[in-house]
Amino acid sequence: MGQYWKLINIDKKELIHEVFDDIQRFLRYPSLRRVPVSQAALARTSVKSRGIFVKLPQELIDAIVQQISFNEDIICFALTSTYYWRLFQPLVRLAIIKSSTPWAGDRIVHIGEYAASVPPRCPDFVSIQSFNTVPHLRDDKEAALRNPLYALVDDDAPPAHCSDCPTLITLSDYVRPEDLMLYIRLLKSLMRAWAERGQDVLRNLTTMEYVLAESVSRTSARNYGVYDLGDIVVMFTRWSEDSSFPRHEAGRHSRWAGCRFDIIDEADFEDKEGWRNVSDDMVGVDGEESSDGNGCDAIRRHIL
């Protein structure tokens, strides 16, 4: 029996249509280089820079930065001088990353309309309290109690949006054109060249497990409808009492449902202590097909 499915961001109360959107864009951090700046270079830049603002004591600068809460404001502050751009390099990098990944670190579930329970990592939706924060749930409390996550986002709600460069779009609304062009040039200088980049890594931040992008290129994965890391998220976050699924019929409750994810460049995944590589568990081992010929056994073991 078929059923409707929704890929939902539980924390932001948003949904996306995986058929039309590249789910990876909502989770992938941009691959930005870390540019070390020595104290000597900072001192030389400070001497050469003009303006009273640059001469402020470091304690006052730190106090100002602590009051800045928006990513775009950090970037604008950094654009005021070469000194501040170098001084705030780590903060600018973090601001760009945060604004470019709208779903990174949020709980995600691929919920079916026949679900009659909620994943263990979503205990807050067992309670009637959810009605207080989502107005349309009050319209049909019986249905919402039976399937609170499926009812979390209304069918008519616009899908979540992810821009290729959100900070650029926002900054264009309130900075001068010449400052915007400066930001574009500086942003390009932070981007890693293709030769410097590693493969993408999907991380489950809740269970501290990860999947390497190279694993989805295996025949066993593609035979089973897995073409990228976004497909892994769709497949392994599903939750329903009925096993029907747009791509296959294996399983119904995934242990990753309701977990938090991101996708990063392997070059940024330096500290793997405490993490477990589950790439082989997801799509078969070393490119070999599993016993049923298409990798299904490995995926069933993980979901059920």
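Everything below is about the structure shown above.
Here the structure is a predicted model, which means the values were calculated and not measured. (Residues numbered from 1 in each chain as written. Predicted model: local features only at pLDDT ≥ 70, side-chain atom pairs only at ≥ 80, totals over all residues. Heavy atoms only, no water.)

**Considering the overall build of the protein chain**
Alright, step 1. For the protein chain, the helix and strand inventory stands at 14 helices and 8 strands.
Alright, step 2. Among the 304 residues that make up the protein chain, the fraction classed as buried is 47%.
Alright, step 3. Long-range contacts, defined as pairs at least 24 residues apart, comprise 72% of the intrachain contacts of the protein chain with a sequence gap of at least 6. (Helix = DSSP H or I, 4+ residues; strand = E, 2+ residues; numbered from the N terminus. Buried < 20%, exposed > 50% of the residue type's maximum accessible area, 1.4 Å probe, protein only. Contact = heavy atoms within 4.5 Å.)

**Here's the deal with the pairing of strand β3 (residues 107–112)**
Each regular strand shows side chains that alternate between the opposite faces of the sheet.
Alright, step 1. A large share of β3 lies buried, amounting to 6 of its 6 residues.
Alright, step 2. Here β3 shows no split at all, with Arg107, Val109 and Ile111 on one side and Ile108, His110 and Gly112 on the other all buried.
Alright, step 3. Across 5 bridges, strand β1 (residues 5–9) lies against β3 in antiparallel orientation. By the bridge assignment, Asn9 is partnered in β3 with Ile108.
Alright, step 4. As paired elements, β3 and strand β7 (residues 259–265) share 2 bridges and run antiparallel to each other. Across the sheet, the residue bridging to Arg107 is Arg260, located in β7. (Pairing = 2+ DSSP bridges.)

**Description of the packing of aromatic side chains**
Alright, step 1. Tallied over the full model, the rule gives 9 aromatic pairs.
Alright, step 2. On the basis of an interplanar angle of 65 degrees and a centroid distance of 5.0 Å, the ring pair of Phe77 and Phe88 is categorised as edge-to-face. A residue pair is termed long-range when its members are at least 10 positions apart, and Phe77 in helix α4 (residues 71–78) and Phe88 in the loop between α5 (82–87) and α6 (89–100) qualify at 11 residues.
Alright, step 3. What makes Phe88 buried here is its relative accessible area of 4%.
Alright, step 4. Ring geometry for Phe269 against Trp275: centres 5.3 Å apart, planes inclined by 90 degrees, an arrangement best described as edge-to-face. In terms of burial, Phe269 and Trp275 fall into one category: buried.
Alright, step 5. Its guanidinium or amino end placed over the ring of Tyr150, Lys6 lies 4.3 Å from that ring's centre, counting from NZ or CZ.
Alright, step 6. Just above the ring of Phe269 sits the side chain of Arg203; from NZ or CZ to the centre is 5.2 Å. (Phe/Tyr/Trp six-rings, centres within 6.5 Å; stacked < 30°, edge-to-face > 60°. Lys NZ or Arg CZ within 6 Å of the ring centre and 35° of its normal.)

**Some remarks on the pattern of salt bridges**
Alright, step 1. Here the structure, examined in full by the defined rule, presents 13 salt bridges.
Alright, step 2. The salt bridge involving Arg176 is made with Glu178; its shortest N-O contact spans 3.6 Å.
Alright, step 3. Judged by its relative accessible area of 49%, Arg176 falls in the partly exposed class.
Alright, step 4. The partner of Glu209 in a salt bridge is Arg255, with the nearest N and O atoms 2.9 Å apart. Within this pair, whereas Glu209 is found in strand β5 (residues 209–212), its partner Arg255 is found in the loop between β6 (238–239) and β7, the two being separated by 46 residues in sequence.
Alright, step 5. Given the relative accessible area of 4%, Glu209 is considered buried. (Salt bridge = Lys/Arg side-chain N within 4 Å of Asp/Glu carboxyl O.)

**Describing the packing of α4 against α6**
Alright, step 1. Between α4 and α6, the shortest axis-to-axis distance is 9 Å and the interhelical angle comes to 145 degrees. In this structure, α4 crosses over α6, and the sense of that crossing is left-handed. Along the contact surface, α4 presents Asn71, Ile74, Ile75 and Ala78, while α6 presents Leu91, Val92, Ala95, Ile96, Lys98 and Ser99.
Alright, step 2. Residues that form the contact of α4 with α6 fall into these classes: 7 nonpolar, 2 polar and 1 charged. (Axes fitted to C-alpha atoms, helices over the stretch in contact; angles between N-to-C directions. Left-handed = near helix turned anticlockwise from the far one by under 90°. Nonpolar A, V, L, I, M, F, W, Y, C, P; charged D, E, K, R; others polar.)

**Concerning the environment of Asn9**
Alright, step 1. As for its placement among the helices and strands, Asn9 is situated in strand β1.
Alright, step 2. Between the C-alpha atoms of Asn9 and Asp106, which are 97 residues apart in sequence, the distance is 6.5 Å.
Alright, step 3. Residues in contact with Asn9, not counting those within four places in the same chain, are Glu14, Pro102, Trp103, Asp106 and Arg107.
Alright, step 4. For Asn9, the side chain forms a polar contact with the main-chain nitrogen of Lys12, separated by 2.9 Å.
Alright, step 5. Among the polar contacts listed, one links the side chain of Asn9 to the side chain of Asp106, at a separation of 3.0 Å. (Polar contact = N/O pair within 3.5 Å; in protein donor to acceptor, adjacent residues only side chain to side chain.)

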